[in-house]
Amino acid sequence: MDSTRVPRFAFVGLAVSDVAASVAFYRRLGVGFPEGAEKEPHVEGELPGGPLLVLDAEATIRSFHPGWRPPSGGTRTALAFRCGSPAGVDALYGELTGAGYHGELAPWDAFWGQRYAVVHDPDGNGVDLLAPLQGS
């Protein structure tokens, strides 16, 4: 296939109810949003080591898709951030929950060989924190 026709993965997008709150949360995870992003209805921030994370206010989505409604009854996506060590998972989980974010699943040693935890962003999206366990 012609390489100019092969699509490339570009970004993960989230519909958010409060851009400023979401920018603050994801900045704590190292996402590089530009200064003043919290005041905009659409923002793009560089994820550490990879693609973009794009946040759109619900009102922005409805401006071009009037019938759009946020999902109900749970989410279908999760974002995952790999920490440098198992202790890093614990520290970041403690920082985020200490800042008032919901801790869905406290750090634990998962049977698949990772230190693993889950926090929720301001809209209730699951954000996994993980690191390989020693010897895994």
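Look above for the structure.
Residues numbered from 1 in each chain as written. Predicted model: local features only at pLDDT ≥ 70, side-chain atom pairs only at ≥ 80, totals over all residues. Heavy atoms only, no water.

A. Representation of the sheet that holds strand β4 (residues 78–82) within the structure. Spatially, the four strands line up as an open sheet ordered β4-β7-β6-β5, and their pairing is mixed. Strand pairing shows two members of the sheet lacking a second neighbour, β4 and β5 (103–109), which therefore form its edges. Going from strand to strand, the sheet's axes swing by 20° on average, the running direction of each strand aside. Here β5 runs beside strand β6 (residues 114–120); their pairing, made up of four bridges, is antiparallel. Within β6, the residue paired with Leu105 across the bridge is Val118. (Pairing = 2+ DSSP bridges. Helix = DSSP H or I, 4+ residues; strand = E, 2+ residues; numbered from the N terminus. Axes fitted to C-alpha atoms, helices over the stretch in contact; angles between N-to-C directions.)

B. Inspection of the sheet that holds strand β1 (residues 11–16) at higher detail. As summarised here, the arrangement of the three strands in space is β1-β3-β2, forming an open sheet in which the pairing is mixed. Each edge of the sheet is formed by a strand with only one pairing partner; in this case those strands are β1 and β2 (42–46). Here the strands of the sheet are splayed against their neighbours by 20° on average, with no regard to which way each runs. Where helix α1 (residues 19–28) meets the sheet, its contacts fall on β1, β2 and β3 (52–57), and the angle it forms with β3 comes to roughly 160°. (Contact = heavy atoms within 4.5 Å.)

C. Highlighting the environment of Ala20. With respect to the helices, strands and loops of the structure, Ala20 is situated in helix α1. Along the primary structure Ala20 and Thr77 are separated by 57 residues, whereas in three dimensions their C-alpha atoms are 21 Å apart.

D. A look at a nonpolar patch on the surface. Taken together, the side chains of Leu105, Trp108, Phe111 and Trp112 present a nonpolar region at the surface, about 450 Å² in accessible area. You can see Trp108 is positioned in strand β5. The exposure class assigned to Trp108 is partly exposed, which follows from its relative accessible area of 30%. (Patch = residues over 30% accessible without salt bridge, like charges linked within 9 Å, V, L, I, M, F, W, Y side chains within 5 Å. Areas by Shrake-Rupley, 256 points an atom, 1.4 Å probe, with all protein chains shown as cover. Salt bridge = Lys/Arg side-chain N within 4 Å of Asp/Glu carboxyl O. Buried < 20%, exposed > 50% of the residue type's maximum accessible area, 1.4 Å probe, protein only.)

E. Up close: the side chain of Asp56. Looking at the element boundaries, Asp56 is found in strand β3. No salt bridge is formed by the buried Asp56, whose closest oppositely charged neighbour, Arg62, lies at an N-O distance of 12 Å. Separated by 2.4 Å, the side chains of Asp56 and His42 make a polar contact. Other than its neighbours up to four places away in sequence, Asp56 contacts Leu14, Ala15, Val16, Pro41, His42 and Ile61. (Lys, Arg positive; Asp, Glu negative; His and termini not counted. Polar contact = N/O pair within 3.5 Å; in protein donor to acceptor, adjacent residues only side chain to side chain.)

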